[in-house]
Amino acid sequence: VRKVRSLAVLGTGSDVGKSTIAAGICRILHNNGVRVAPFKAQNMSNNAQPALITTDHEDGINDGGSGSGWGEIGTAQVVQAEACRILPRVEMNPVLLKSGGRRDTDGAYLCSVVVLGKQLVKEDYGQLGKRTEQLKELVVNAHSRLAELTNAQCIVLEGAGSCTELNLMERDIVNLPLVRKLQCPWILVANIDIGGVFAQIVGTKACVSPQDWDMCVGVVINRLRGDVKYFEPGPSMLQEMVGKPIYVIPHLYTLNLPEEDGLGVERRLLLQEKNQTQP
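Residues numbered from 1 in each chain as written. Predicted model: local features only at pLDDT ≥ 70, side-chain atom pairs only at ≥ 80, totals over all residues. Heavy atoms only, no water.

Caption draft 1: Up close: the overall build of the protein. On a plain count of helices and strands, the protein comes out with nine helices and twelve strands. The 279 residues of the protein split such that 47% are buried. In the protein, once contacts between residues fewer than 6 apart in sequence are set aside, the share between residues at least 24 apart is 71%. Looking at the protein as shown, the accessible area adds up to about 14,400 Å², and 53% of this sits on carbon and sulfur atoms. (Helix = DSSP H or I, 4+ residues; strand = E, 2+ residues; numbered from the N terminus. Buried < 20%, exposed > 50% of the residue type's maximum accessible area, 1.4 Å probe, protein only. Contact = heavy atoms within 4.5 Å. Areas by Shrake-Rupley, 256 points an atom, 1.4 Å probe, with all protein chains shown as cover.)

Rendered as structure tokens:
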């Protein structure tokens, strides 16, 4: 198996800007001559775009060129692939979960499970949880295959939601358990725009094991509005509290990237409804 370096971008919660930060890192690495590819083990979104499915040759070696068709992956990974100046591939998002409506018989919420670009099954979330071990293996294999297909020197991983959902940790295939499996460094992204950024960061550290926190190489405070000097001495206070470098990113108003997760979409719809009802 070809060895490749990885860097994970994890978050304090949903809609903190992981996708954008990951895309930015991808472009910076590409511009500095690093062959880089994006990866998100599991995405939960109805926002999907086409991605290439490539067939192995008989000798088991893939030339990374000819494809056998197209599947679908999350839109964020397509944007990140563009940042890397490479074609989107289904290995970049091996598991995509899409809302499948409700079952007629009992009203249970259904999930369309898309694996390596193609729908595998539509089932309720309880059944999906029983696939964890199978999906863990699939995710690690997809990471290795992506490195071979793209000849990447570095793969930038994006996490999902909060990296410290302790009640879900045994079924987590996209955040810290994957970081441990790959033994890769990670950065934590927090969103100051929603408030409570100290609690977001310090609370995450409190929920993370010392071994996992040792692998964290920095904290990004995302979406700061206004002049960073008005946030002082916040960064130095946080650095002392968590023992990691703190990086502050301004709010980027003009990106206009599509919302990836349900929380962001829900906020946008509520805002639209509020604006429509106001005189």
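Now that the structure is up, let's keep going.
Caption draft 2: Up close: helix 8 (residues 234-242). What helix 8 keeps buried is the set G234, P235, L238 and V242. The buried residues of helix 8 occupy an angular sector of 95° when projected down its axis, which confines them to one face. Those residues of helix 8 that are buried lie in contact with helix 6 (197-207), helix 7 (210-214), strand 11 (216-224) and strand 12 (246-250). Residue G243 follows helix 8 closely and has a positive phi angle near 75°. (Arc of directions from axis to C-beta.)

Caption draft 3: Just helix 4 (residues 132-150), in detail. The terminal C-alpha atoms of helix 4 lie 27 Å apart, and with 19 residues this matches the ideal 27 Å at 1.5 Å per residue to within 8%. All of the buried residues along helix 4 are T132, L135, L138, V139, V140, A142, H143, S144, L146, A147, L149 and T150. Just past helix 4, the residue N151 takes up positive phi, approximately 55°. (Expected span 1.5 Å × (residues − 1).)

Caption draft 4: How the structure looks around the nonpolar core. In terms of nonpolar packing, the biggest core is built from 52 residues, with F39, W186, I201, W213 and I221 touching the most fellow members. Considering every element that reaches this core, the biggest residue donor is helix 4, with seven residues. Aside from chain neighbours lying at most four places away, what touches I201 is T12, L188, A190, V219, I221, L238 and V242. Counting residues in each nonpolar core, the second largest holds 15 residues, with I21, A22, C26 and V220 among its members. (Core = buried A, V, L, I, M, F, W, Y, C linked by side-chain atoms within 4.5 Å.)

Caption draft 5: Focus on the side chain of T164. The topology assignment puts T164 in the loop between strand 9 (154-158) and helix 5 (176-182). Excluding anything up to four places from it in sequence, T164 contacts M169, T204, C207 and V208.

Caption draft 6: Structural view of the packing of aromatic side chains. This structure, assessed with the given rule, holds two aromatic pairs. Directly above the ring of Y109 sits R102, whose terminal nitrogen or CZ lies 4.3 Å from the centroid. (Phe/Tyr/Trp six-rings, centres within 6.5 Å; stacked < 30°, edge-to-face > 60°. Lys NZ or Arg CZ within 6 Å of the ring centre and 35° of its normal.)

Caption draft 7: View of the sheet that holds strand 9. Taken in spatial order, the six strands line up as 2-9-1-10-11-12 in an open sheet, and their pairing is parallel. Of all strands in the sheet, those with a lone pairing partner are strand 2 (36-39) and strand 12, marking the two edges. Ignoring which end each strand starts from, the neighbouring axes of this sheet average 20° apart. Pairing between strand 2 and strand 9: four bridges, direction parallel. (Pairing = 2+ DSSP bridges. Axes fitted to C-alpha atoms, helices over the stretch in contact; angles between N-to-C directions.)

Caption draft 8: Spatial organisation of the packing of helix 6 against helix 8. Closest axis-to-axis distance for the helix 6/helix 8 pair is 10 Å, and the angle between their directions is 15°. With respect to each other, helix 6 and helix 8 are oriented roughly parallel. For helix 6 against helix 8, the interelement crossing comes out right-handed. Across the interface between the two elements, F198, I201, V202 and K205 of helix 6 pack against G234, M237, L238, M241 and V242 of helix 8. (Parallel < 35°, antiparallel > 145°, perpendicular 65-115°, else oblique. Left-handed = near helix turned anticlockwise from the far one by under 90°.)

Caption draft 9: Just the pairing of strand 1 (residues 5-11), in detail. By the criterion of burial, strand 1 is predominantly enclosed, with six of the seven residues buried. The pairing of strand 1 with strand 9 spans five bridges and is classified as parallel. From the neighbouring strand, V9 faces strand 9, where its bridge partner is E158.

Caption draft 10: Representation of the side chain of R223 in the model. Assignment of secondary structure puts R223 in strand 11. On the accessibility criterion, R223 (19% relative accessible area) is buried. Within the structure, R223 has its side chain in polar contact with the backbone oxygen of D15 (distance 2.7 Å). When sequence neighbours within four positions are dropped, the list of residues in contact with R223 reads D15, V16, G17, N191, I192, D193, I249, P250 and H251. (Polar contact = N/O pair within 3.5 Å; in protein donor to acceptor, adjacent residues only side chain to side chain.)

Caption draft 11: Spotlight on the sheet that holds strand 8 (residues 118-124). In space, the four strands of this open sheet follow the order 3-6-7-8, with mixed pairing throughout. The open sheet has two edge strands, strand 3 (42-44) and strand 8, and neither has a second partner. Neighbouring strand axes in the sheet, compared pairwise and without regard to direction, differ in orientation by 25° on average. With six bridges connecting them, strand 6 (residues 95-102) and strand 7 (residues 109-115) associate as antiparallel partners. In the sheet register, L97 faces strand 7, and the bridge partner there is V113.

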